[in-house]
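Residue-level structure breakdown
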Amino acid sequence: MPRLPIVVLISGSGSNLQAIIDAANKDLPVEIKAVISNQPDAYGLERARRADIPVAILEHQQFPDRESFDATLADLIDSYQPQLVLLAGFMRILTPGLVRHYHGRMLNIHPSLLPDFQGLHTHQRALEAEVQKHGASIHFVTEELDGGPVIIQASVPVLPGDDAETLAARVLEKEHVIYPLAVRWFAQGRLSLNERDQVVLDGKILAAPVQLEQAPA
Ligand code: GAR
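Given the structure is predicted, the values throughout are model-derived calculations rather than measurements. (Residues numbered from 1 in each chain as written. Predicted model: local features only at pLDDT ≥ 70, side-chain atom pairs only at ≥ 80, totals over all residues. Heavy atoms only, no water.)

Here we come to the pairing of strand β4 (residues 84–87). Where a strand is regular, its side chains alternate between the two sheet faces. Neither face of β4 is left uncovered, since the one carrying Leu84 and Leu86 and the one carrying Val85 and Leu87 both have all their residues buried. Summarising the sheet, strand β1 (residues 4–10) and β4 pair through four bridges and their orientation is parallel. Its bridge partner being in β4, leucine 9 is matched across the sheet by leucine 87. Where β4 and strand β5 (residues 106–110) come together, three bridges link them in parallel fashion. Across the sheet, residue leucine 87 finds its bridge partner in β5, namely asparagine 108. Handedness of the crossover joining β4 and β5 through helix α4 (residues 96–101) is recorded here as right-handed. (Buried < 20%, exposed > 50% of the residue type's maximum accessible area, 1.4 Å probe, protein only. Helix = DSSP H or I, 4+ residues; strand = E, 2+ residues; numbered from the N terminus. Pairing = 2+ DSSP bridges. Right-handed = clockwise from strand over helix to strand, strands pointing away.)

Spelled out as structure tokens, the structure:
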């Protein structure tokens, strides 16, 4: 199977990037054309370099506004001609223009069971809300922040004695499973967003996000 060219955007540790790199080294049919970070010291850049993946740094502080940063970012992404763009811990709010440009070909991972806990500090907020179940979601990126149609989710229990760190670690393990899986479906041509912004998987419109336990291979 031909490998799908992808670009991955990060801001931090890049453990989700690592999960994609590891899967691509096995049987995930993607080629990571570049890893782009807005943070020059993001550890994920080191992971990319180690895997011989081209890296690019675009510091948002060097731009007068969001629009000019995003315009340059889009040009940079497009220079690698990806068919799919992954946000993997990319901690920037994107402008509507950029999001529209990648409509149907940009995915994000969010550390909560969306639509719960959009935005930041999701683990702390889940603890404060005393939910019993928490998790992570992969969704298509649309103009609504953390509001795009969800493809797949994985849940974890919230355990007595959890703090934000222990909970985050439990969620992260699941993130590393669901992101490569969603990317696989996309690369295999089984996953898309239709003109009504509905997720289509294996020819069927999803009525609800796939839950990892019931996910097709
Ligand atoms: C992950 O938990 C991801 O879900 C989250 O940032 C972390 C990045 O970790 N993303 C967001 O909060 C997006 N709003 P990583 O750099 O180790 O992949």
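Further remarks concern the packing of aromatic side chains. Inspection of every chain in the model, using the stated rule, returns one aromatic pair. With centroids separated by 5.5 Å and ring planes inclined at 75°, the aromatic side chains of phenylalanine 63 and phenylalanine 69 adopt a geometry described as edge-to-face. You can call phenylalanine 69 buried: its relative accessible area is 1%. The ring of phenylalanine 69 has arginine 92 lying over it, and the distance from NZ or CZ to the ring centre is 5.0 Å. (Phe/Tyr/Trp six-rings, centres within 6.5 Å; stacked < 30°, edge-to-face > 60°. Lys NZ or Arg CZ within 6 Å of the ring centre and 35° of its normal.)

Cis peptide bonds are those with omega within 30 degrees of zero, and the linkage from leucine 114 to proline 115 qualifies with 10°. Secondary-structure assignment places proline 115 in the loop between β5 and α5 (122–128). With phi around 55°, histidine 121 is a residue other than glycine that occupies positive phi space. Counting through the fold element by element, histidine 121 comes out in the loop between β5 and α5. Note on histidine 121: relative accessible area 61%, which makes it exposed. Although it is not a glycine, aspartate 197 adopts a positive phi angle of roughly 60°. Mapped onto the elements, aspartate 197 comes out in the loop between β8 (191–193) and β9 (199–201). By relative accessible area, which is 31% here, aspartate 197 ends up partly exposed.

This part covers the site of the ligand. Lining the immediate environment of the ligand, one finds Gly12, Ser13, Gly14, Ser15, Asn16, Gly89, Met91, Ile109, His110, Pro111, Leu172 and Glu175. In the model, an oxygen atom of the ligand is placed 2.6 Å from a nitrogen or oxygen of the serine 15 side chain. One of the backbone nitrogen or oxygen atoms of asparagine 16 is found 2.9 Å away from an oxygen atom of the ligand. Within the complex, 84% of the 450 Å² of free accessible area of the ligand lies under protein. (Near = heavy atom within 4 Å. Polar contact = N/O pair within 3.5 Å; in protein donor to acceptor, adjacent residues only side chain to side chain. Areas by Shrake-Rupley, 256 points an atom, 1.4 Å probe, with all protein chains shown as cover.)

This paragraph deals with the layout of surface pockets. Any space left empty among the atoms is revealed by the rolling of a water-sized probe across them. Its volume calculated, the largest pocket comes out at about 900 Å³. Together, 34 residues line the largest pocket, and Gly89, Phe90, Met91, Ile109 and Pro111 are the ones closest to its centre. Looking at the lining of the largest pocket, the elements with two or more residues in it are α1 (15–26), β5, α5 and α6 (164–187). (1 Å grid on protein atoms, 1.4 Å probe; cavity = no way out; pocket = protein on both sides within 12 Å on 5 of 7 lines; lining within 4 Å. Points joined across faces, edges and corners; volume = space filled by probe spheres on them.)

It is worth stressing that arrangement in space is one thing and function is another; only the former is reported here.
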